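Here is how the chains run, residue by residue.
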Amino acid sequence: MALRARALYDFRSENPGEISLQEHEVLSLCSEQDIEGWLEGVNSRGDRGLFPASYVQVIRTPAAEPSPPALYANLPAGGFRLLPPPAAFKPTTQQAPPAAAPEPFSLPPAARYPFPLAPYDGSYQPSQGSDDDWDDDWDESSMVANEPGTLGSFYPDYEVAGSRASGHYHLSTWSELSLSSHGGHLAGHMHLPGSGAKSLATVSRNLNRFSTFVKSGGEAFVLGEASGFVKDGDKLCVVLGPQGPEWQENPYPFQCSIEDPTKQTKFKGMKSYIAYKLVPSHTGQQVHRRYKHFDWLYGRLAEKFPVISVPHLPEKQATGRFEEDFISKRRKGLAWWMDHMCSHPVLAQCDAFQHFLTCPSTDEKAWKQGKRKAEKDEMVGANFFLTISVPTGPGAGLDLQEVESQVDGFKAFTKKMDESALQLNHTANEFARKQVTGFKKEYQKVGHSFKCLSQAFELDQQAFSAGFNQAIAFTAEAYDAIGDLFADQPRQDLDAVMDLLALYQGHLANFPDIIHVQKGALTKVKESKRHVEEGKMELQKAEGIQERCNIISFATLAEINHFHKIRVRDFKSQMQHFLQQQILFFQKVTQKLEEALHKYDSV
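We now turn to the structure provided with this report. Please read all numbers here as calculations on a predicted model, not as lab measurements.

Overall, the coordinates contain 2 cavities of 30 Å³ or more when judged by the stated rule. Size it by volume and the largest cavity reaches roughly 70 Å³. In terms of lining, the largest cavity is formed by Ser309, Pro311, His340, His344, Leu347, His507, Phe511, Glu559, His562, Phe563 and Ile566. For the lining of the largest cavity, the secondary-structure elements that each account for two or more residues are helix H9 (494–533) and helix H10 (539–598). Looking at the lining of the largest cavity, the element that brings in the most residues is H10, giving 4 residues. Grouping the amino acids of the lining of the largest cavity by side-chain chemistry returns 5 nonpolar, 5 polar and 1 charged. When residues of the lining of the largest cavity are assigned to domains, at least three map to each of domain 2 (246–389) and domain 3 (400–599).

What follows is the structure in structure tokens.
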């Protein structure tokens with residue numbers, strides 16, 4: 001008889017090779033042996049692939065009476081995998097473990113898993129196109145934040161909690177482990193002191209080591225592997241607001257204008273670039289920044305904040321970089337970007353962003369020092385989550401099902417908003433094109449026709465028709481002017497709408513990864529609860545996993561709340577501006593027509 005299992009929870013596949021499950025669905029298993037916490041099987045729809053072992057329960061035949069041998073013909077060669085009794089985990093001699101026994105703590109980090117592990121390198125690589133090439137004197141050092149062996153790496157060095165190898169005390173969530181100093185094998189089972197040998201299971205790692213949940217450091221944090229020294233200034237607070245979790249407001253809000261893009265040169269005129277003047281309101285001191293500086297800052301922020309939507313920069317352009325229209329459009333895009341940066345309670349206070357805004361343009365030494373400091377930031381990857389402080393006390397907890405429902409609802413919202421934004425952007429772009437070319441041409445055609453009629457009437461030399469001929473000629477000029485108004489109007493209203501849509505399309509592209517991190521954390525909580533129900537994991541350990549998952553959930557909900565706030569603010573302001581400009585436009589058209597009409601009064 002084929003092995004079968006029943007799904008305990010719904011599971012949505014998000015990576016190639018995975019299959020979706022529905023609660024209570026019966027599946028056929030290819031093998032009962034799990035691979036790093038994943039099983040392979042076929043669901044009721046005939047799809048074959050991987051799914052979390054903790055999401056299903058194997059259906060076993062009651063063993064009241066021994067079954068005939070023929071019933072076991074289809075079982076794997078090893079039969080059912082039986083858990084050894086606790087005593088099997090306590091060797092009575094000092095002999096080396098068998099060759100097949102895993103030695104997870106005697107191997108270097110790169111060899112612990114059956115898949116290649118790469119240090120976290122962020123989801124963004126600063127572009128190196130022809131727009132603003134990096135200067136050797138400005139970027140003389142590499143991105144050192146990702147060097148192995150530092151707390152900036154995704155996979156931290158495993159050190160005993162409290163060591164001061166780098167001059168700081170490291171707050172390590174690895175303190176529950178007890179590692180043997182001889183033989184390199186596991187001496188404990190990640191349980192709390194006094195828990196005995198009951199903990200026979202641990203929450204498995206994701207099979208896909210390249211998923212956002214793994215690369216962002218979310219998995220390492222949830223599993224208790226993050227360690228780092230958190231300064232008071234690095235703490236990010238989530239508070240409970242009227243609409244739920246939200247980021248604590250910036251006590252010193254500010255804005256920053258971007259003005260006067262100017263073309264500058266260096267190397268005796270051999271290299272040209274555009275510099276933008278930035279004036280932060282909290283300092284009042286202007287600084288000049290090139291696009292490459294914005295590009296560098298975006299890369300650092302996208303790497304540091306895995307559950308925060310860092311706004312995207314305007315796209316680069318290989319040709320026409322010094323054309324007036326392109327420079328003006330980029331400045332408007334950067335202004336929107338800067339507004340969202342200053343409006344975010346976390347991003348606005350980030351050290352790298354403050355360095356970007358305040359470091360004098362002429363002080364190269366100070367700029368490089370601040371740049372290196374940002375690149376050596378230890379609070380990235382899994383360590384970033386250590387900096388998040390969440391509400392505690394009665395009534396401050398999160399309900400797992402409610403959080404999952406809210407995140408699923410926001411996921412559906414972002415998908416629909418993305419589709420609508422694409423449609424509106426296409427419609428606005430097409431309408432603007434028609435106004436610039438089609439409408440202008442059509443109105444000027446009408447004006448030309450009136451002009452031809454006027455010229456024909458001028459052949460009549462009667463004195464009483466002179467005023468009438470002039471009125472028709474003025475009508476022709478009015479329609480020519482209306483055509484010009486149509487061609488110029490998209491700059492006043494539709495272009496601003498499309499700039500806003502472009503900014504929000506960048507935000508909407510960020511949220512699938514943010515949601516994936518939160519979903520991955522919820523999966524680990526469900527798996528730990530399953531182990532507790534089966535008596536394979538201590539309750540305290542499962543509670544630790546849920547507590548760390550709650551931190552990610554609080555941050556995710558706070559970011560969702562902030563997104564909705566600025567969305568309403570931005571679209572309200574932009575729709576008001578659009579309608580005001582439309583009213584002004586049609587008032588101008590009406591004025592032209594009324595002027596032409598009054599010319600006939602004196603005829």
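This next bit is on helix H6 (residues 364–375). Over its 12 residues, H6 extends 16 Å from the first C-alpha to the last, a length consistent with the 16 Å expected when each residue adds 1.5 Å. Those residues of H6 that sit buried are Trp367, Lys368, Gly370, Lys371, Ala374 and Glu375. Within H6, the buried residues cover an arc of 165 degrees as seen down the axis, which keeps them to one side. Those residues of H6 that are exposed and aimed more than 90 degrees away from the buried face are Lys365 and Lys373.

Attention now goes to the pairing of strand E3 (residues 38–42). Both strand E2 (residues 26–29) and E3 contribute to a ladder of 2 bridges, which runs antiparallel. In the sheet register, Leu29 faces E3, and the bridge partner there is Gly41. Bridge count for E3 against strand E4 (residues 48–52) is 5 bridges, and the pairing is antiparallel. Residue pairing in the sheet places Glu40 in a bridge with Leu50 of E4. Once E3 ends, the chain turns through 5 residues before running back antiparallel as E4, passing Gly46 with a positive phi of about 85 degrees.

Attention now moves to the packing of aromatic side chains. What the rule picks out here adds up to 27 aromatic pairs. Ring geometry for Phe585 versus Phe586: centroids 4.9 Å apart, planes at 70 degrees, classification edge-to-face. Residue Phe585 is classed as buried on the basis of its relative accessible area of 2%. Ring-pair connections join several aromatic residues into one group, and the members of that group are Phe431, Phe439, Tyr443, Phe450, Tyr479, Phe486, Phe585 and Phe586. Note that Arg289 overlies the ring of Phe356, its terminal NZ or CZ placed 5.7 Å from the centroid. Directly above the aromatic system of Tyr291 lies the positively charged group of Arg330, at a separation of 3.9 Å from the ring centroid.

What follows deals with the pattern of salt bridges. Applying the stated criterion across every chain yields a total of 20 salt bridges. The salt bridge partner of Asp232 is Lys235, with a shortest N-O separation of 3.7 Å. The class for Asp232 is exposed, based on a relative accessible area of 66%. Taking the relative accessible area as the measure of exposure, Lys235 reaches 46% and is therefore partly exposed. Arg530 serves as the salt-bridge partner of Glu534, at 2.3 Å between the closest nitrogen and oxygen. Residue class for Glu534 comes out partly exposed when judged on its relative accessible area of 33%. Salt bridges here are not isolated pairs; linked through shared partners, they connect Glu404, Asp408, Lys519 and Lys526.

Conventions we followed
Residues numbered from 1 in each chain as written. Predicted model: local features only at pLDDT ≥ 70, side-chain atom pairs only at ≥ 80, totals over all residues. Heavy atoms only, no water. 1 Å grid on protein atoms, 1.4 Å probe; cavity = no way out; pocket = protein on both sides within 12 Å on 5 of 7 lines; lining within 4 Å. Points joined across faces, edges and corners; volume = space filled by probe spheres on them. Helix = DSSP H or I, 4+ residues; strand = E, 2+ residues; numbered from the N terminus. Nonpolar A, V, L, I, M, F, W, Y, C, P; charged D, E, K, R; others polar. Domains from an automatic or database assignment. Expected span 1.5 Å × (residues − 1). Buried < 20%, exposed > 50% of the residue type's maximum accessible area, 1.4 Å probe, protein only. Arc of directions from axis to C-beta. Pairing = 2+ DSSP bridges. Phe/Tyr/Trp six-rings, centres within 6.5 Å; stacked < 30°, edge-to-face > 60°. Lys NZ or Arg CZ within 6 Å of the ring centre and 35° of its normal. Salt bridge = Lys/Arg side-chain N within 4 Å of Asp/Glu carboxyl O.

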